[in-house]
Amino acid sequence: MLATMAENETLDYENVYKKSAKRFMHKEYLLLGGGPINCSDRVLKAISMQTLNPLSVDMHQLMDEIKEMTQYLFQTKNRLTLVSQTSGSGGNETIITNLLDRGDKLVIAIGGTWGERVLDMALRYEYDVLPLTKPPGEVYTLEELENAVKSHKAKLLFVTHGESTGGILQKLEGLGPMCHKYGCLLGVDAVVSIAVDPLFVDRWEIDAVNAGTQKAIGAPPGMCLLTFSPRAEQRMREKKMKPPYYFDMLRQGIYFDCFGDHTRMFHYTFSSNMLSAVREALAQICEEGLLEIWARHKRNVEYFWKRLDEIGYTCFVKKRENRFHGVTGVNVPEGISQRELIKFAKDKYDIEIAPGFGPTLNKAMRLGLMGTNSRPEMADYLIEALKDGLQHLKK
């Protein structure tokens, strides 16, 4: 028989929230670090809409529109182009587990923390990994990567396009054809570089790309955009070991109707609210245009670098040609506390700046002008905060 609740029944733990508890609210800041960035009002409105049934016609329309806009964003005709409900790290794990079997050979070109995380993932799945490392601020040449792929007989080369912890932009042109010459696939982490610097998936023959929604795209964190070439899709169908269920792109591709059979087999419950936010963020990118967006980011960050020189700050990456145009590592002047400078900017100017991480740990702050925050007036406001902070902390 089912036990009945006695009138004098007690609980083991007391309720800490009373009826008078206030609704949770937090102060809004300008997010000028390594990401996430501020969302537009249009995106915030989209995420607040009522939830959809994951199998409804409206949900399917939302998925189809996102897929089409993501193909434009990636500059690809890949049919296996979709969204995964996970973080950027989850997207990178998705790439390697869908393309490799245990013991397969993998080359990882590490340029900072994100490459190191992929190495950690790869070792957990027992891949045969050749990790490459460079001094902070340096990028890999085509010859260096070709030598590694050739000598290791790699099945996959994995590189990070924009490295927000080191502030570098890895050149991708030529890597795809080089990899294919040796029977190797090319996987790219474009989590932070997407919609900042040019990326041509088909033109550059890239086989797998992962991009985050919370950086220049301007949606909340928790989603990633993925695309896989026909070569990558074939590898998925030939490999022996299935990827983790949640990250299985062939199953998820059916749910997104990537293969044209209209079966829409349910994979897992997507947040329609998050998809709506991503859809609006992508729509805003499509309306502005990629060429305009790339030019805007380059123009505004170069203006920011110029202003930095004027007020006595220096960039962590010395070679301009190696710098990423979304996040800039900025050296903290000698005798100034990075922690105190970041706190000053937040307390007085409502600006969130990211501290150093990975190669920049205890060396440089990470300042980002991405998406809607990539504007000259935003650069000027950030410069004002940095200049004021320097003067205040020198007293």
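Residues numbered from 1 in each chain as written. Predicted model: local features only at pLDDT ≥ 70, side-chain atom pairs only at ≥ 80, totals over all residues. Heavy atoms only, no water.

1. Concerning the pairing of strand β4 (residues 128-132)
Both faces of the sheet carry side chains from a regular strand, because those side chains alternate between them.
1) Next: For strand β3 (residues 105-109) and β4, the ladder comprises five bridges, and the chain directions are parallel. Bridged to K105 within β4 is D128.
2) Next: For the segment spanning β3, helix α4 (residues 113-124) and β4, crossover handedness is right-handed. (Pairing = 2+ DSSP bridges. Helix = DSSP H or I, 4+ residues; strand = E, 2+ residues; numbered from the N terminus. Right-handed = clockwise from strand over helix to strand, strands pointing away.)

2. A word on the sheet that holds strand β11 (residues 314-315)
1) Next: Strands sit in the order β11-β12-β14 across an open sheet of three strands; the sheet is antiparallel. Two strands in the sheet have a free side with no partner beyond their single neighbour: β11 and β14 (364-368).
2) Next: Pairing of β11 with strand β12 (residues 327-331), which is carried by two bridges, proceeds in the antiparallel orientation. Residue pairing across strands places C315 opposite V330, the latter belonging to β12.
3) Next: Helix-sheet contacts for helix α10 (residues 290-310) involve β11, β12 and β14, and the interaxial angle to β12 is about 5 degrees. (Contact = heavy atoms within 4.5 Å. Axes fitted to C-alpha atoms, helices over the stretch in contact; angles between N-to-C directions.)

3. Section: helix α3 (residues 88-99)
Each α-helix turn comprises 3.6 residues. Residues three or four places apart therefore point the same way.
1) Next: End to end, α3 covers 17 Å across twelve residues, agreeing with the expected 16 Å (1.5 Å per residue, within 8%).
2) Next: By the criterion of burial, α3 is predominantly enclosed, with eleven of the twelve residues buried.
3) Next: Within the sequence span of α3, burial applies to G88, G90, G91, N92, E93, T94, I95, I96, T97, N98 and L99. (Expected span 1.5 Å × (residues − 1). Buried < 20%, exposed > 50% of the residue type's maximum accessible area, 1.4 Å probe, protein only.)

4. Some words on the nonpolar core
1) Next: Counting 91 residues, the largest nonpolar core has L157 and L199 as the members making the most contacts within it.
2) Next: If one sorts the elements of this core by residue count, helix α9 (residues 272-288) sits on top with eight residues.
3) Next: With sequence-adjacent residues up to four places away left out, L157 is seen in contact with V107, L145, V149, M178, C179, C184, L185, L186 and G187.
4) Next: Formed by 28 residues, the second largest nonpolar core is a distinct cluster that contains L308, I336, I342 and L367. (Core = buried A, V, L, I, M, F, W, Y, C linked by side-chain atoms within 4.5 Å.)

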